[in-house]
Amino acid sequence: MFTNQTKSLLLSGVIALSITSCADKHNNQGTEFAPNMYHSVGYEPLSQSEGDTNHVNPYGMNMRLPVKGTVPRRYYGQQAKTDSIDGDLLEMDLVSRNIKAGDMTSSENLLTNPFEPTETNLEAGKLQYERYCQHCHGEAGKGDGLVAKLYKGVPVYSSDALKNLNDGHIYHTITHGKGRMWPHGSQISSSDRWKIVLYVHQLQQAP
Amino acid sequence: MTIMKRLKNVSLMAILVFFASVASVKAQDNAEGEQIFKNNCSTCHAVTDEVVVGPGLKGISQRRPIEWIVTWVHNPQAVIASGDKYAVDLYNKYNKAQMTAYPGYSAAQITSVIAYIDAQVTAVVAPVAGAVVAGAAPAAGSSNGGMMQYVMIALLGVMVLVLVALLSIVSSLTKLSTITPDSIEGQKIPLLQRIAENGKKLTANSAFKTGAALLITLLIGKATLDSAYGIGIHQGYAPEQPIQFSHKLHAGQYEINCTYCHTGVYKGKGANIPSANICMNCHNAIKRESPEIQKIYRSLEKDEPIQWVRVHNLPDLAYFNHAQHTNVGGLECTNCHGEIAKMEVVQQRSSLTMGWCIDCHRKTEVNAKGNAYYDKLVELHNSETKEPLKVQNIGGLECSKCHY
């Protein structure tokens, strides 16, 4: 059975297999030439500084959470008043930041959309809706997005309880969440949220 | 006989018509209820006893009196506040989730909804037959996988044939050598000795020697060049991540937009790695029991960041900005990252070399439409040439555009 010929064949087979079945290459980044030109000396967000040089922050992280209660400062003051859209937007931003997550009534009464429902704004709202809302709320706001089938309890915008909700209510829902929906304020900028509100109004009126 | 048969048929028809008419009358009553239910209630309640978000409504008319249901639907919060035991128990059982109030519906409308729910109890039998038919579809779909299997088997067959051919060549070659391996003497000589003898004969041959030397030099040269070109190129790098997140599932199957998690991609230099609160927007409810998802919960509880492994490492010596390419240039993510929606584990698809960048800057036209920043540049460019304005024409090949 095991003649020299078969033995030699088996041997060559084993050698060939061991050569071809190479180690897992997916976790290997490969060789880097001059790595000190690759890795940033300055602190980059989302990366840890090389060699644990950052001892101040936990886990050597380069990003930190903003101090509680701080507001991003852009053009507050004089400049904001001259530009009507930015002025309105900033005013609404400051008002909404003072409204607590559970205080839907204040949002409904105090907040109004700084953007007019022009064609450009509606189009921008639709784009943002497609990016941030559609996978749950569905293309036409019928609560039939692909994720909604798993998440469950996604409402129909045009239903009798929701079709008359105002600007502030929708803005508050996106920012702080409502019912089963969790807050999305950290993902979507306030101007994008207001544009989504414009488009949601359109979907509320759809049959 | 025939008369009897006819009579039977007629009576059967009559019975059928009767049932049909009853059904249609019922259907008319329930039409309004059905519409109200589907528009308002079905997101949280099922007509069966299945729990969606709130309780299943099968048999609701037996469980609660109609007056109670009407007051509940009009203002659930008030009923709970009044201390009604059933309502308070219900509220506590369903994680204190508040039902939306529908004060606008009349008692008659609510009754029609309940009539619709009751009518579904009998109708539920029908969808079961439908489910059987639907069940047949995946079987047909899996035949695609079967096809793949046949191809693999065929390939295996071809490989076996090639092996047989090679074996026959080897055996005929060994037969040609001086010692016939099948003879008794041939079997007695050990394998290594035979290899050594044959090797000696070969090395004596000068033509073989030069050929072998040339081949080895070429192979070494190729290997050197390949690895030299591969330095600093991470193409194909697909590191294992701390959580087995599948882009194929999230971006592919569920069509969640890239921006939903990579919030910076249209706004800033980096695309951003999502923080755990974005995962939790869905995973507070979906797949809670999965060990991979529980890693998110653990990291949130400990307030510990998830240490994702960076896949695309553009050297710090080159500047790249996502927003400029996606928002201003209007490029799709797949343009550079490949078919992310089909990747179980994300892999670096593009080489990210300078040649690759420059190549695209030479070919790509500037997305100047509706962007006033480019108006004068386009005007100036068009006065000189008829070629469209490309990235290279506005400094896309300048060193200092990316290296500074």
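Our subject is the structure listed above.
Residues numbered from 1 in each chain as written. Chains lettered and ligands numbered in written order. Predicted model: local features only at pLDDT ≥ 70, side-chain atom pairs only at ≥ 80, totals over all residues.

**Q** I would appreciate a short explanation of the overall build of chain B in the present structure.
**A** Along chain B, the regular secondary structure elements total 19 helices and zero strands. Across the 404 residues in chain B, those meeting the buried criterion constitute 12%. Within chain B, residue pairs in contact and separated by at least 24 positions form 62% of the contacts whose partners lie at least 6 positions apart. (Helix = DSSP H or I, 4+ residues; strand = E, 2+ residues; numbered from the N terminus. Buried ≥ 20, exposed ≤ 12 C-beta atoms within 10 Å, placed from the backbone. Contact = placed C-beta atoms within 7 Å.)

**Q** What exactly am I supposed to notice about the overall build of chain A here?
**A** From N to C terminus, chain A includes nine helices and zero strands. For chain A, the N- to C-terminal ordering of α and β elements is α-α-α-α-α-α-α-α-α. Residue burial in chain A is summarised as follows: out of 207 residues, 26% are buried. Of the contacts formed within chain A by residues at least 6 apart in sequence, a portion of 50% connects residues at least 24 apart.

**Q** I'm lost on the interface of chain B and chain A in this one. Help?
**A** How large an interface is tends to be reported as the accessible area lost when its parts come together. Every contact between the two is made by 47 residues of chain B and, on the other side, 45 residues of chain A. Within the residue set of the side of chain B that touches chain A, elements represented by two or more residues are helix H1 (2–41), helix H12 (258–261) and helix H13 (276–283) of chain B. Ranked by the residues each element gives to the side of chain B that touches chain A, the list is headed by H13(B), at five residues. Split into classes, the residues belonging to the side of chain B that touches chain A amount to 24 nonpolar, 19 polar and four charged. (Nonpolar A, V, L, I, M, F, W, Y, C, P; charged D, E, K, R; others polar.)

**Q** What exactly am I supposed to notice about unusual backbone geometry here?
**A** Positioned with a positive phi, Tyr59(A) is a non-glycine residue whose angle comes to about 60°. For Tyr59(A), the location among the structural elements is in the loop between helix H1 (4–20) and helix H2 (78–82). The class of Tyr59(A) is exposed, set by 10 C-beta atoms lying within 10 Å. The phi dihedral of Asp303(B) falls on the positive side, at around 55°, and the residue is not glycine.

**Q** Even after reading the chapter, I still don't get helix H5 (residues 119–132) of chain A, so can you show me in this structure?
**A** Residues spaced three or four apart along an α-helix face the same direction, because each turn holds 3.6 residues. In this model H5(A) runs 20 Å from its N-terminal to its C-terminal C-alpha over 14 residues, within 8% of the 20 Å that 1.5 Å per residue would give. Residues of H5(A) that are buried: Gly125(A), Gln128(A), Tyr129(A), Arg131(A) and Tyr132(A). The buried residues of H5(A) occupy an angular sector of 160° when the element is viewed end-on, so they sit on one face. Residues Glu119(A) and Thr120(A) are exposed on H5(A) and point more than 90 degrees away from its buried face. The elements touched by buried residues of H5(A) are helix H6 (134–137) and helix H9 (190–205) of chain A together with H12 of chain B. (Expected span 1.5 Å × (residues − 1). Arc of directions from axis to C-beta.)

**Q** Quick question: what am I supposed to make of the environment of Ala196(B) here?
**A** Residue and element names in this part refer to chain B. Positionally, Ala 196 belongs in helix H9 (residues 191–204). Ala 196 sits in the exposed class, given 11 other C-beta atoms within 10 Å. Sequence-wise, Ala 196 and Ile 293 are 97 residues apart; in three dimensions their C-alpha atoms are separated by 60 Å.

**Q** Sorry if this is basic, but what is going on with the packing of H13(B) against helix H14 (residues 291–302) of chain B here?
**A** The relative placement of two packed helices is expressed as an angle between their axes plus a distance between the axes. All names here are of chain B. Axis separation between H13 and H14 bottoms out at 10 Å; the angle between their running directions is 130°. What the angle tells us is that H13 and H14 run oblique. In this structure, the crossing between H13 and H14 has a hand that is left-handed. Packed against H13, whose contacting residues are Ala 276, Cys 279, Met 280 and His 283, the element H14 presents Ile 293, Ile 296, Ser 299 and Leu 300 at the interface. Among the residues forming the contact of H13 with H14, the class breakdown is six nonpolar, two polar and no charged. (Axes fitted to C-alpha atoms, helices over the stretch in contact; angles between N-to-C directions. Parallel < 35°, antiparallel > 145°, perpendicular 65-115°, else oblique. Left-handed = near helix turned anticlockwise from the far one by under 90°.)

**Q** Explain the nonpolar core to me, please; I cannot follow it from the model alone.
**A** Inside soluble globular proteins, nonpolar side chains tend to come together where they are buried. If you look at the biggest cluster of nonpolar residues, it comprises 34 residues, and the most contacted ones within it are Tyr171(A), Ile196(A), Val197(A), Tyr199(A) and Val200(A). For this core, the secondary-structure elements that each account for two or more residues are helix H3 (84–97), H5, helix H8 (167–176) and H9 of chain A together with H12 of chain B. A per-element tally of this core places H9(A) first, with seven residues. Formed by 15 residues, the second largest nonpolar core is a distinct cluster that contains Ile36(B), Val47(B), Ile110(B) and Tyr116(B). (Core = buried A, V, L, I, M, F, W, Y, C linked by C-beta atoms within 7 Å.)

**Q** How should the packing of H8(A) against H9(A) be read in this particular structure?
**A** Residues and elements named next belong to chain A. Two elements in contact, H8 and H9, have axes whose closest approach is 9 Å; the angle formed by their N-to-C orientations is 125°. In this view, H8 runs oblique relative to H9, as classed from their interaxial angle. Note that H8 runs across H9; the crossing there is right-handed. Here Asp 167, Ile 170, Tyr 171, Ile 174 and Thr 175 of H8 come into contact with H9, specifically with Arg 193, Trp 194, Ile 196, Val 197 and Val 200. Per-class residue counts for the contact of H8 with H9 are seven nonpolar, one polar and two charged.

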